Every structure is written in structure tokens, then in C-alpha cells.
Amino acid sequence: MSNTIVYIHGVGGVTPLEDWLDPLNVGLVQAGHSPIDPTYDTVVPVTYQPLLLTPTGSRAAKADEVKETWEASDETDEAARRFAVTQEENTQFLRQWSVRARGVHFGHSPNGVNATLTSVVTRVGDLTEAKIYAHHRSVRASVLREVVEQIPDADEIVVVAHSLGSVIAADLLTRLPAHTRVRALVTLGSPLASDMWKRLRSLATDFPYDRVDAWINVFDPRDAVTYGRGVAARFPMAVDVSVDIRTHSVRGYASHPAVGALLGHHLYGVRDADAEHPPARPLGEGWDLQLLGFAYAEQLSRTCQAKKFSWRRRFDTARRIAATRVLEEVEQADDEARAELGSPPSITDFVDRASDLVRDVWSDDELLPLVVSRYASNPLPPFDIAVDPAHRLEALTALLNRVRRREGSISDLEFATVVAAAVDHAQDALTPDRRRWWGYLVGGGAVLLALTGVGLWAVLPTALAGAAAITASLAAFGPGGMVGGMLTLVLASGAGTALVASGAVAAAGEREAEVEFRLAVAGALTQMRVEELRGLLIGVVAVIRAQETLGLASTRAHTMEVLLDAQGRLAQEVHLHTLVAPKRPGTKEMAERADLLTRAIEVISGADVSRDTRPVTIAPV
């Protein structure tokens, strides 16, 4: 299948092929793709410059303007979600080439001086043609009509636009033939960050997602024409790539390897990430906690009511983006960390097979704090997608059915119902004003692991074994620290000890290590923000209540030791803060932490699981 490439030049007239196509082909070959061959592919360098040289003062008649051929439809939202996934993949793909320019450059200028900067650049630079296009409506109509007539009648095209050509390309997106799809819009050295193009601001809210597959903008912060900025601040659907080429010429931009690699990415297809990793096992056991988080999200998608198709589409988009980000974070990790994690899952493993990949991994005692963390947290941080409690419960029941070991007589429904009731009880006890608190537990987990880091694990005399050892240095991996949130609840509650210290210490030093470990966790608790601490304590109270309701091994004594240690430390801190900085916000927050810990200790020490165990009725989602 041949490709159709439309090139829209900037000021100065038609650009010779050797100045833009030849360097692009070098980049394509270096990236392992076939070059663009004008004898086989359709290459169209459109021209419009003569229309800018003799502007008329007449106003364009409405009939003379190129009519828009696009309008939003019922399919636009779904197209926008597909576009978001593609752009997220493009962001990760292009990250290896994006650089932060050193020294002083135009990008350092505050946004507030953009208008002044625009005036200076237009006076110093040769931007007469750009000013004519911006301020003469009749000229603009003529240019757009001329360019549209030169675009071939093709179902799919790739648009490469340089400088002023990027502005014309933005104008064209809603005026192309209705059947024409832009597989990729690549803008080079675009001035769209300038206030000169305010009239295009409607494109930021009414973007033809069902007509454009991707928009990549390549800029150099030292390029005055770009005002040192990308375009994503004004057009958030674009992906900016900052490069260091120190020129505005199209040859300079087209010669950058990111441009050729990106074109190959879209012209010849994205390499299937799933093919790089074998499906299912063997996967490194360091991925189990991450997979459990995605398994819960998988069940939320599967148990969504059919009539809520719009919610499911948005949620599935978030799931795929989150999986892409996890794998990209692993790519950025050092070799030692990747080796500890083991063979990674594929995107399909995360999105469609996660539940099967963590079947029979944990006992009920180990699994309890993990599912409390997932039930009581944002399912796909950082995306704040609302999930009805009844839907959470149904998904949790389905998750337990897929991953639990078949041991004992506790049914999946009973397990899930007790978890939901325990979380609700803990929220009543620790959140008197009933504010929405979903997601605090994950945030707290990320903070705790960040505060303690390797130092927490270092308090043990020997290396930890099992999943905790493998995920220790990467505990916050995943969207919003999903793994960190689950491990934090395990650490704070003392539940699932096989995750924490299986085979970690010799018998002779076990008690000393346990004390140091407990003190390290207590110290980290005292440094959490109030709402993060509240979310974690809700999880801790819920774990203990669920343990004792289900007849599992209770960790009440261990938890009380940790919280009492933290309470003592906070009491001392409150006293010092009151003496040194009375009535200050920081002192007030410290006192709120102490009060919250005191309340949690009271709830745990006085909990009576023989009453007020309210069942939760599963309602249709």
C-alpha cells in the first residue's frame, strides 16, 4: 500500500524535496523503515506563497471562504478516547528524543510577556507573510482554498507542516474532504504558541478527533519563531517534543531522528507491544501486586452494566493508558531494578489477563489487606473516575472469584461483603463529616514508600524474601503508586506477613528486626499529610475488622504497637511545635494528625465485631 504525504511549507515559498524529504528518508531508514519513494508513494508539496505577496484590502465574502466539512457527532467522544490512547503511546515513544535545552532560551520567558515577545519576533524576523495570513481574511480564504484544491483525493494522508505551514494545517483540519483521514499531523517549528493565532482557539475545544489520528509538534526552545514553547499548552491534543537543533530551517527539523522514527511509527504501523513479550507465564513475581491492581480494574470493566457503555469506554481508555505508563516506567528503570522485577507483562496481560495471572498467589490472610486497599482506593490513579459503591462491590466479588485460593468455607460474596462493610464502618469512625475519601490510601502508600524508601528495608539485618524484596525499590511503580498503596497497608496493619518478611531474618535476630521495622513504619506514619493518614487508617481499621469478622488471623496487637509508637512521637512533636510555632498552620496540622491517630487507636481498641456488621446488598450496576 502506498502512502500519501502532504507537505505544507513555511514562509519563503516551496521547499525543494532535498531539503525536507531527503533528511526524512534518512531518519526513516535509521529507524528501520522503508524510505518514502516519490515514484511509488504520493508526495504533494503544496504551494500558496504567491497569494501572500499581493494582499488585497477587500474583505472576503462569505461564499469565498472554504466551508468547514466537520462537525462534532455522537462518535466524537469515542474518537477522542482512542486519540488519547494513541497520543499517550506517542508520548512514551518520543520521550527518548525529547531534551531539555540548556542555557538561556526563549522558553524561559514568562507567559505574561508572550504578546511583547510576539511583537519583537515579528519585527526582527522575516514574518511579513505570516502577518498577512493572520490579519487579512480575504488572503487567508484564498490560501486555504488553494491548498485544499492541491490535496489529493485520498482516504488517508500524512501532513508534514513547517512554520507558517503548521498554522495553515491547523486551519485545514476541519475543512478537508469528509472521507479524508489524517493518519498523523507533524508540525515542525510551529508558531502556534503565539498570541497572533488566538482566532484558532476554538480548535482546542472542537478538535476533529474522528478525522485526525495523531498530532506531534517538534520544536527547539532556541527557535524564536516557536517562542521557545510547544503548542500543547494551547492545543492539549498535541504532543510536544523538545529538540536541540538550534535552527528554524526545515532541513534542521527534518534531520532530527525523532521525526523520521515518528513517521515510520505511523506510516508502517506501530510495532505490537504484545508480540515482544510472551503471554501469560513465566512472569517475574515482582509483578504480582501490579497485576492485582489491574485485575480489579479489569473486573470493574467486565461488571459494568451494558447501559453504561460511555463510562466503560472512558474507563477502558484509562486502563490502557495506565498500562502503557507502567511499562514505560520500567523501561526508564536501571538494569538492576528490571532484573529484580523479572520478565514484564504485556499491555494485553495488564488489560485482559491480569486476573488469570494472579490466580492462587495469596492466601486469604495475605489477600485481605490487598483487596481492602483496592476497594478503598481510586482504581486507576491518577485518573479520577467515579465508581458507584455497589459496582465496586460486584467487581470485588468477581475479582475474589478469579484470584482466591480455594481454602476454607468463606464464600467470595461473604468475603467481599465483609470488606465493604468494614471499610464503611471505618469511614464512619474516622471521617465524621462523610467527605469523599476514595484514593487517599493510594496517595498515602506512595508517600510512605517515598519517605521510608530503601531505608525502611535496610533496618532488617538480611534481605527480604518474596514479593516485597522484589518490589521494594520500585514500590511506587504504576499509576499513582498502586503497588505502594497496597504494600503500605500491609506494613501498617502487619497483615500478609509472607509479603513482608518471609524468611527475612534468622531466628536469633527476629525480635530485634521486628522492633526496628515497626519503629520505621511508625516514623513514616507521623510524616503523612492529614488526609493521606486518614485514608491509611481507614484501611487499617477495616483490615482488622474484616479479619475478626471472617475469622482470619487478627493483627490487632501488631497494629496497636505501630500506632502507639506513632502516637508517642506525634505527641512530642505537637508539644515542640506548640512551643516554637504556636497557632501556626503547621502546628495545627500536626495536632490534627495526633488527634486522628488517637481516634484510630480508640476505634481499634474498642472495636466489637460481634455487632453492627452491616451486610451490603449488591444492587445492579
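Residues numbered from 1 in each chain as written. Predicted model: local features only at pLDDT ≥ 70, side-chain atom pairs only at ≥ 80, totals over all residues. Heavy atoms only, no water.

Enquirer: Break down the overall build of the chain for me, citing the residues and quoting the values.
Expert: Counting its regular elements, the chain contains 25 helices and six strands. Looking at the chain residue by residue over its 621 residues, the buried ones come to 54%. Of the contacts made within the chain by residues no fewer than 6 positions apart, 83% connect residues no fewer than 24 positions apart. In the form shown here, the chain has an accessible surface area of approximately 26300 Å², with 53% of it arising from carbon and sulfur atoms. (Helix = DSSP H or I, 4+ residues; strand = E, 2+ residues; numbered from the N terminus. Buried < 20%, exposed > 50% of the residue type's maximum accessible area, 1.4 Å probe, protein only. Contact = heavy atoms within 4.5 Å. Areas by Shrake-Rupley, 256 points an atom, 1.4 Å probe, with all protein chains shown as cover.)

Enquirer: Which residues make up the sheet that holds strand β1 (residues 4-8), and what values do they have?
Expert: The parallel open sheet is built from six strands, whose spatial order is β2-β1-β3-β4-β5-β6. At either end of the open sheet lies a strand with only one pairing partner, and these are β2 (42-46) and β6 (239-242). For this sheet, the mean inter-axis angle between neighbouring strands, taken without regard to orientation, is 15°. Taken together, the seven bridges between strand β3 (residues 156-162) and strand β4 (residues 181-188) define a ladder with parallel strand orientation. Residue pairing in the sheet places His 162 in a bridge with Leu 188 of β4. Against the sheet, helix α7 (residues 164-172) contacts β1, β3 and β4, and its axis sits at roughly 145° relative to β3. (Pairing = 2+ DSSP bridges. Axes fitted to C-alpha atoms, helices over the stretch in contact; angles between N-to-C directions.)

Enquirer: Would you mind going over the side chain of Arg 211 in detail, with residue names and values included?
Expert: Position of Arg 211 relative to the elements: it lies in the loop between β4 and β5 (215-219). Of the polar contacts made by the side chain of Arg 211, one reaches the backbone oxygen of Leu 173; its length is 3.2 Å. Among the polar contacts listed, one links the side chain of Arg 211 to the backbone oxygen of Leu 176, at a separation of 3.3 Å. Every residue in contact with Arg 211, bar those within four places of it in the chain, is listed here: Thr 69, Trp 70, Leu 173, Thr 174, Arg 175, Leu 176, Pro 177, Ala 178, Thr 180, Arg 181 and Val 182. (Polar contact = N/O pair within 3.5 Å; in protein donor to acceptor, adjacent residues only side chain to side chain.)

Enquirer: Help me get a handle on the packing of helix α16 (residues 389-403) against helix α17 (residues 412-430), residues and values and all.
Expert: One way to put it is that α16 packs onto α17 with a least axis distance of 9 Å and a crossing angle of 135°. Taken together, α16 and α17 sit at an angle that is classed as oblique. Both α16 and α17 take part in a crossing whose hand is right-handed. Touching Leu 393, Leu 396, Thr 397, Leu 400 and Asn 401 of α16 are Asp 412, Leu 413, Phe 415, Ala 416, Thr 417, Val 419 and Ala 420, all from α17. Of the residues in the contact of α16 with α17, the class split is eight nonpolar, three polar and one charged. (Parallel < 35°, antiparallel > 145°, perpendicular 65-115°, else oblique. Left-handed = near helix turned anticlockwise from the far one by under 90°. Nonpolar A, V, L, I, M, F, W, Y, C, P; charged D, E, K, R; others polar.)

Enquirer: Pulling in residues and values, what's your account of the packing of aromatic side chains?
Expert: Throughout the structure, instances matching the rule amount to 10 aromatic pairs. Ring plane angle 10° and centroid distance 4.4 Å describe the contact between Tyr 7 and Trp 20, whose orientation is recorded as stacked. You can see Tyr 7 sitting in strand β1 and its partner Trp 20 sitting in helix α1 (residues 17-30), a full 13 residues away along the chain. Both residues of the pair, Tyr 7 and Trp 20, belong to the buried class. Taken together through their ring pairs, the aromatic side chains of Phe 83, Phe 207, Tyr 209, Trp 215 and Phe 235 make up a single cluster. (Phe/Tyr/Trp six-rings, centres within 6.5 Å; stacked < 30°, edge-to-face > 60°.)

Enquirer: Go over the pairing of β3, please, and point to the residues and values.
Expert: Within β3, six of the seven residues are buried, which leaves the element mostly enclosed by the surrounding structure. Taken together, β3, α7 and β4 constitute a β-α-β crossover, and its handedness is right-handed. (Right-handed = clockwise from strand over helix to strand, strands pointing away.)

Enquirer: Outline the environment of Trp 197, supporting the account with residue identities and numerical values.
Expert: Within the fold, Trp 197 resides in the loop between β4 and β5. Linking Trp 197 and Val 167, residues 30 residues apart in sequence, is a C-alpha distance of 8.0 Å. Non-local contacts of Trp 197, meaning those with residues more than four positions away in its chain, are made with Ala 130, Tyr 133, Ala 134, Leu 164, Val 167, Pro 191 and Leu 192.

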